[in-house]
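Descriptive analysis of the structure
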Amino acid sequence: GQNIDQPTEMTATEGAIVQINCTYQTSGFNGLFWYQQHAGEAPTFLSYNVLDGLEEKGRFSSFLSRSKGYSYLLLKELQMKDSASYLCAVRVAQTGANNLFFGTGTRLTVIP
Amino acid sequence: DSGVTQTPKHLITATGQRVTLRCSPRSGDLSVYWYQQSLDQGLQFLIQYYNGEERAKGNILERFSAQQFPDLHSELNLSSLELGDSALYFCASSPLQGLGNEQFFGPGTRLTVL
């Protein structure tokens, strides 16, 4: 099976930087995704890592270390609208499939 | 707007009943995925279809079934409903069967079982 861990809640200040960690244990690892989800809404794609290293996309960056089973999402210049849940998801290679297994998410609250 | 549509947006029903949730994928996407998200729970993968065929099964109960039609829309059928089935049900789509990248999520159907 898959085991994906991330902190339940985090709080950060507007304009600051926050790092959300995700650790995973899985067989057949084939990529790690980060999604943002506002309460009651659909998850929206933020980033994807399949090789080790840092992927940068504007204010958002994501890092992956496959040997350590570890990823983080870095959010810079936080804005109030960044208050949301951030979901770490692992893609597992199965024949003919592209399944994602999600952690329970980290609820980020941005305060003024 | 991801381009994935789901109907209905809200559904309220009683225990023991049966409901059908509908999903239309993005234009051109052949893969459809169903997820369940209960209160304070993560997204749980239920089932995947690709071009009409079942491709993978996750934590889907035997009371639940799904299918994908020739026009690629999909339906998730939930029967003998229990209180614990109350959740948000999301459908997602992606272009490819296997090594596609992101999945695009629909707005979800909120199911309340009373």
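The structure presented is a predicted model; accordingly, all values stated were derived computationally and were not measured.

This part takes up the overall build of chain A. The number of helices and strands found in chain A is zero helices and 11 strands. Reading the helices (α) and strands (β) of chain A from amino to carboxyl end gives β-β-β-β-β-β-β-β-β-β-β. At 14 Å, chain A has a C-alpha radius of gyration in line with the 13 Å of a compact globule built from 112 residues. Structurally, chain A occupies a C-alpha span of about 45 × 30 × 20 Å along its principal axes. Each of the 112 residues in chain A was classed as buried or not, and the buried ones make up 51%. Across chain A, the fraction of contacts at a sequence separation of at least 24, relative to all contacts at a separation of at least 6, is 55%. When the accessible surface of chain A is split by element, carbon and sulfur atoms take 49% of a total near 5,200 Å².

Here the focus is the state of the cysteines. All names here are of chain A. Scanning the model with the defined rule gives two disulfides over all chains in all. Across the disulfide, C22 is cross-linked to C88 (sulfur-sulfur distance 2.0 Å). Note on the C22 and C88 pair: the S-S dihedral is about -65°, so by sign convention the disulfide is left-handed. On the criterion of sequence distance, the pair formed by C22 in strand β3 (residues 18-25) and C88 in strand β9 (residues 84-94) is long-range, its members being 66 residues apart. Per residue, the accessibility class of C22 equals that of C88, and both read buried.

Membership of the largest hydrophobic core comes to 22 residues, with the highest contact counts inside it found for L32(A), W34(A), L75(A), Y86(A) and L108(A). Secondary-structure elements contributing two or more residues to this core are β3, β4 (29-37), β7 (60-65), β8 (70-75), β9 and β11 (106-111) of chain A. Tallying contributions element by element places β9(A) first for this core, with five residues. If we skip the residues at most four places from it in the chain, L75(A) touches A16(A), I17(A), V18(A), I20(A), R59(A), F60(A), D82(A), Y86(A) and L108(A). Grouped together as the second largest cluster of nonpolar side chains are 20 residues, V19(B), V32(B), L46(B) and C91(B) included.

Let us look at the sheet that holds strand β8 (residues 74-78) of chain B. All names here are of chain B. With antiparallel pairing, four strands are arranged side by side in an open sheet as β1-β3-β8-β7. Every other strand in the sheet has two partners, leaving β1 (5-7) and β7 (64-68) as the edge strands with one partner each. Going across the sheet, the axis of each strand differs from the next one's by a mean of 15°, ignoring polarity. Two elements, β7 and β8, share five bridges in a ladder whose sense is antiparallel. Within the sheet, the bridge partner assigned to S65 lies in β8 and is N77.

Let us now look at the packing of aromatic side chains. Within a pair of aromatic rings, the relevant descriptors are the distance that separates the centres and the angle that separates the planes. According to the stated counting rule, one finds 17 aromatic pairs over all chains in the structure shown. A centroid spacing of 5.6 Å and a plane angle of 90° characterise the contact between F102(A) and Y35(B), whose relative ring orientation is edge-to-face. Placement of the pair is F102(A) in strand β10 (residues 97-102) and Y35(B) in strand β4 (residues 31-37), with the two residues belonging to separate chains. Here F102(A) matches Y35(B) in class, with each residue buried. Between R26(B) and the ring centre of F104(B), over which it is positioned, the NZ or CZ distance is 3.6 Å.

Residues and elements named next belong to chain B. Taken as a whole and assessed by the stated rule, the structure comprises seven salt bridges over all chains. A salt bridge links R55 to E53; the shortest N-O distance between them is 3.5 Å. Residue E53 is classed as partly exposed on the basis of its relative accessible area, which comes to 47%.

Summarising the model, chain A shows a mean pLDDT of 92, and 95% of its residues fall at 70 or more. At the level of individual helices and strands, chain A shows its lowest average pLDDT in β10(A), which scores 79, and its highest in β8(A), which scores 98.

Here the focus is the sheet that holds β8(A). Residues and elements named next belong to chain A. In spatial order, the strands read β1-β3-β8-β7-β6; together these five strands make up an open sheet with antiparallel pairing. At either end of the open sheet lies a strand with only one pairing partner, and these are β1 (3-5) and β6 (53-57). Within the sheet, the average angular offset between the axes of one strand and its neighbour, ignoring direction, is 15°. As judged from the five bridges shared by β6 and β7, these two strands associate in the antiparallel manner. What sits directly across from L54, in β7, is F63.

Conventions we followed
Residues numbered from 1 in each chain as written. Chains lettered and ligands numbered in written order. Predicted model: local features only at pLDDT ≥ 70, side-chain atom pairs only at ≥ 80, totals over all residues. Heavy atoms only, no water. Helix = DSSP H or I, 4+ residues; strand = E, 2+ residues; numbered from the N terminus. Rg over C-alpha atoms; globule rule 2.2 N^0.38 Å. Buried < 20%, exposed > 50% of the residue type's maximum accessible area, 1.4 Å probe, protein only. Contact = heavy atoms within 4.5 Å. Areas by Shrake-Rupley, 256 points an atom, 1.4 Å probe, with all protein chains shown as cover. Disulfide = S-S within 2.5 Å. Core = buried A, V, L, I, M, F, W, Y, C linked by side-chain atoms within 4.5 Å. Pairing = 2+ DSSP bridges. Axes fitted to C-alpha atoms, helices over the stretch in contact; angles between N-to-C directions. Phe/Tyr/Trp six-rings, centres within 6.5 Å; stacked < 30°, edge-to-face > 60°. Lys NZ or Arg CZ within 6 Å of the ring centre and 35° of its normal. Salt bridge = Lys/Arg side-chain N within 4 Å of Asp/Glu carboxyl O. pLDDT = per-residue confidence, 0-100.

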